Amino acid sequence: MESYHSLITSQREFFRTNQTKDVAFRLNALKKLRSAVKLYEREFITALKTDLNKSEFEAYSTEIGIILEELRFTISKLRSWVKPIKVKTPITHIGSASYVYSEPYGTTLIISPWNYPFQLAAAPLIGAISAGNCAIIKPSELTPRTSQVFAKMIRDIFPQNYITVVQGGVETSQALLQEEFGKVFFTGSILVGKTVMEAAAKHLTPVTLELGGKSPCIVHEDASLKLAARRIAWGKFTNAGQTCIAPDYLYVHKRIKDRFLALLREAIHEMYEEQSMTRIVSDKHFDRLTSFLKQGEILLGGKSNREMLSIEPTILTDITWDDRVMSDEIFGPILPVLEYTALDDVVEGIRKHPNPLALYLFTASTRIQNEVLNSISFGGGCINDTIYHFANPHLPFGGVGTSGIGAYHGKNSFDVFSHKKSVLKQTTLFDIPFRYPHVKNALKRI
Ligand code: NAD
């Protein structure tokens, strides 16, 4: 196994010079990154096409555009985020003032997945830079072209001892995890998340884990069905369903099921054609997904092409929780539909399973919205929409339970890469005696 010890030592030494802590230095780095993303935009679009057959529209709207917006937001707010925050001090501490300082962890490791290979490597990096850290990014080996362009871009703008990309697969990731970092930020599967946390535990390194799970989408009988159909079709089939927060399966009220599914078919027809869809990332993933096509009834789609690694947007009906497609996160363009009559059964059904990363609920009723929000724990989600919460920098993005630990985006990205150092500044003008044993009048002693 290759050792990255000297690379990490060089970053640690650079960090100790305190240069990365200077706010002007951080802003300059973020601006350099922004210019480079613009400069490399075409290369990223081509690489995403080669790796995943991503359309230019999706490459920009779900990867490059998101990062440029995150950079704009962070650059505009950073000066206010870095300031120590004055907090209240109880009367028992009279004479003193209290502050919270955000300090960088130092050397940080970012491990990212293949499904949004540019965005999910760049977004945590914005957090690491804004908080004043050095960073090593290990992007996914399954999208090699995008990872190469990312590495080239970073090499162009940053010295290795500040920010660098290490390319490679599982072994590279494991070798990096042997080292001691100030912070590890991982995006990927639940199984690998556990390995990452175990490795980090050896050094007591704090981790942020952005994981996955089965995200439910509930369509109640009073929902605006046409809108629900469009928003679900988009949220599910963007990136061929290979989105951590894509609706994994639908729970549709029995009374409107047929009407809603007809509208959903229409919406899918309008938005997607097989040839222009993002492809499945590998043979292994393709085979796993197509094995689900034998379950239930195929209401729409169901065709696949192994050579092209493409699968049509597919709706499966007559599905129950006992079907294999309901056991793990699907992560592909296959949408199983369960029907319900009582909302309590939906809540119970979801609560029997691990906490989802996202949940979507389509209903006009505030009472039902509150009931679902109050009964089910999930990372984040939308009422009457899908996925859109992801792009609001004011909403922390992350999971709960097996769907993840910690949250980022916007100020939260700055916070997950910062240690909050609490400092009490005490007066030397007087001293209050009551905390000292055997001292009658400490005030007089000054
Ligand atoms: P993955 O866990 O297989 O791989 C993620 C990264 O970890 C890659 O860089 C990979 O090289 C590395 N890795 C793989 N095996 C490893 C091991 N044994 N030890 C150390 N490192 C290892 O995930 P993936 O297949 O790339 O991505 C899909 C998963 O990621 C899905 O479960 C999805 O829900 C999740 N995801 C979550 C989010 C989120 O923001 N919460 C975003 C995207 C994807």
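Relevant structure appears above.
The model shown is predicted, which means the values in this text are computed figures rather than measured ones.

## Brief notes about the overall build of the protein
Right, on to step 1. When helices and strands are tallied, the protein shows 15 helices and 20 strands.
Right, on to step 2. Its C-alpha radius of gyration of 25 Å places the protein within 12% of the 22 Å reference for a compact globule of 446 residues.
Right, on to step 3. Seen through its C-alpha atoms, the protein measures out along the principal axes to roughly 85 × 50 × 40 Å.
Right, on to step 4. With 446 residues in all, the protein has 45% of them scored as buried.
Right, on to step 5. A fraction of 68% describes how many contacts in the protein between residues 6 or more apart in sequence connect residues 24 or more apart.

## Things to note about the pairing of strand β7 (residues 207–210)
Right, on to step 1. Pairing between strand β6 (residues 183–187) and β7: four bridges, direction parallel. By the bridge assignment, phenylalanine 185 is partnered in β7 with threonine 208.
Right, on to step 2. Crossover β6 to β7 through helix α8 (residues 190–201) is right-handed.
Right, on to step 3. Where β7 meets strand β18 (residues 404–405), two bridges bridge the pair, whose relative direction is antiparallel. Following the sheet pairing, glutamate 210 is matched in β18 by glycine 404.

## Comments concerning the nonpolar core
Right, on to step 1. Ranked by internal contacts, the top residues of the largest apolar core, which has 115 residues, are Ile110, Leu125, Val219, Leu250, Leu264 and Val337.
Right, on to step 2. A per-element tally of this core places helix α5 (residues 119–130) first, with eight residues.
Right, on to step 3. For isoleucine 110, the residues in contact, after removing those within four places along its chain, are Ala121, Pro124, Leu125, Ala128, Ala135, Ile137 and Phe185.

## As for the sheet that holds strand β20 (residues 418–425)
Right, on to step 1. Pairing is antiparallel across the open sheet formed by three strands, whose spatial order is β1-β2-β20. Of all strands in the sheet, those with a lone pairing partner are β1 (85–87) and β20, marking the two edges. Pairwise comparison of adjacent strand axes, ignoring direction, gives a mean angle of 30° for this sheet.
Right, on to step 2. The pairing of strand β2 (residues 97–104) with β20 spans eight bridges and is antiparallel.

## Brief notes about the site of the ligand
Right, on to step 1. Around the ligand sit 27 residues, and of these Pro113, Ser173, Gly188, Gly212 and Cys244 come closest.
Right, on to step 2. When residues of the shell around the ligand are traced back to their parent elements, those giving at least two are α7 (170–177) and α8.
Right, on to step 3. For the shell around the ligand, the leading source of residues is α7, giving three residues.
Right, on to step 4. Its residues assigned to classes, the shell around the ligand shows 10 nonpolar, 13 polar and four charged.

## Notes on the environment of glutamate 70
Right, on to step 1. Looking at the element boundaries, glutamate 70 is found in helix α4 (residues 56–81).
Right, on to step 2. Residues glutamate 70 and arginine 34 lie 36 residues apart in sequence; the distance between their C-alpha atoms is 9.8 Å.

About the cut-offs
- Residue positions within a chain follow its written sequence, with the count starting from 1.
- This being a predicted model, a pLDDT of at least 70 is required before a residue's local features are given, and a value of 80 or more before pairs of side-chain atoms are given or counted; all residues contribute to the totals for chains, interfaces and linings.
- Numbering of helices and strands starts at the N terminus; helices are DSSP runs of H or I of at least 4 residues and strands are runs of E of at least 2.
- As a reference, a globule follows 2.2 Å times the number of residues to the power 0.38, and the radius of gyration itself is taken over C-alpha atoms.
- Exposure in this text rests on C-beta crowding, where 20 or more other C-beta atoms within 10 Å of a residue's own make it buried, 12 or fewer make it exposed, and counts in between make it partly exposed. The C-beta atoms are placed from the backbone.
- The contact criterion used is a C-beta to C-beta distance within 7 Å, with each C-beta placed from the backbone.
- Being paired, for any two strands, means DSSP has found at least two bridges between them.
- Orient the strands so they point away from the viewer; a crossover is then right-handed if the path from the first strand over the helix to the second runs clockwise.
- When buried Ala, Val, Leu, Ile, Met, Phe, Trp, Tyr and Cys residues are joined through C-beta atoms within 7 Å, the set is termed a nonpolar core.
- Axes here refer to lines fitted to C-alpha atoms; in helices the fit is confined to the stretch in contact. Angles between the N-to-C directions go from 0 to 180 degrees.
- Here, nearness means that the C-beta atom of a residue, built from backbone geometry, sits within 6 Å of the molecule or strand in question.
- All residues other than Ala, Val, Leu, Ile, Met, Phe, Trp, Tyr, Cys, Pro, Asp, Glu, Lys and Arg, Gly among them, are scored as polar; the first ten of these are nonpolar and the last four charged.

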